[in-house]
Amino acid sequence: MLLPRYRYPSDTSDVEWALLKALLPTPACQSPKGGAPEKWPRRRVVDAIRYITDNGAKWRALPADFGIP
């Protein structure tokens, strides 16, 4: 079941994401050694971390529409 995606004030803008994306390491699945594909989109994970940091909530209290357990 795909949950609807809501926007939160703490979500990264397209400009912020362009800057942050360049700072993240290369995914293991794209490295020469290989690895499993990432299960969650990186931007959603960063948005979830920013939401928790901004709101001071527990990770378990993350809204379900982030799609990250």
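Heads up: the structure comes first, above all this text.
An account of the accompanying structure is given in this report. Being a predicted model, the structure only gives us computed values, none of them experimental.

Calculation rules
Residues numbered from 1 in each chain as written. Predicted model: local features only at pLDDT ≥ 70, side-chain atom pairs only at ≥ 80, totals over all residues. Heavy atoms only, no water. Helix = DSSP H or I, 4+ residues; strand = E, 2+ residues; numbered from the N terminus. Buried < 20%, exposed > 50% of the residue type's maximum accessible area, 1.4 Å probe, protein only. Contact = heavy atoms within 4.5 Å. Areas by Shrake-Rupley, 256 points an atom, 1.4 Å probe, with all protein chains shown as cover. Lys, Arg positive; Asp, Glu negative; His and termini not counted. Charge placed at Lys NZ, Arg CZ, Asp CG, Glu CD. Phe/Tyr/Trp six-rings, centres within 6.5 Å; stacked < 30°, edge-to-face > 60°. Polar contact = N/O pair within 3.5 Å; in protein donor to acceptor, adjacent residues only side chain to side chain.

## Quick look at the overall build of the protein chain
Move 1: Broken down by element type, the protein chain carries 2 helices and 0 strands.
Move 2: Each of the three principal axes of the protein chain carries a C-alpha extent, and together these read 40 × 30 × 20 Å.
Move 3: When burial is assessed residue by residue, the protein chain has 22% of its 69 residues classed as buried.
Move 4: Relative to all contacts within the protein chain whose residues are 6 or more apart in sequence, the contacts with residues 24 or more apart total 52%.
Move 5: Of the roughly 5400 Å² of accessible surface on the protein chain, a fraction of 62% belongs to carbon and sulfur atoms.
Move 6: In the protein chain, the 11 positive side-chain charges and the 7 negative ones have mean positions that sit 8 Å from each other.

## Some thoughts on the side chain of S10
Move 1: Residue position: S10 is located in the segment before α1 (14-23).
Move 2: Since its relative accessible area comes to 6%, S10 is described here as buried.

## Section: the environment of I52
Move 1: The topology assignment puts I52 in helix α2 (residues 42-55).
Move 2: Looking at I52, the relative accessible area reads 14%, which means it is buried.
Move 3: Spatially, the C-alpha atoms of I52 and L62 are 7.1 Å apart, while their sequence positions differ by 10 residues.
Move 4: Dropping the residues within four chain positions of it, I52 is found in contact with A57, K58, W59 and L62.

## Brief notes about the packing of aromatic side chains
Move 1: In the structure shown here, the tally under the stated rule is 1 aromatic pair.
Move 2: Consider the rings of Y8 and Y51, whose centres lie 5.1 Å apart with planes at 65°: the pair is edge-to-face. With Y8 in the segment before α1 and Y51 in helix α2, this residue pair connects regions lying 43 residues apart in the sequence.

## Some details on the side chain of D47
Move 1: As for its placement among the helices and strands, D47 is situated in helix α2.
Move 2: For D47, the side chain forms a polar contact with the main-chain nitrogen of T12, separated by 2.8 Å.
Move 3: Those residues within four positions of D47 in sequence are excluded, and the remaining contacts are R5, R7, D11, T12 and F66.

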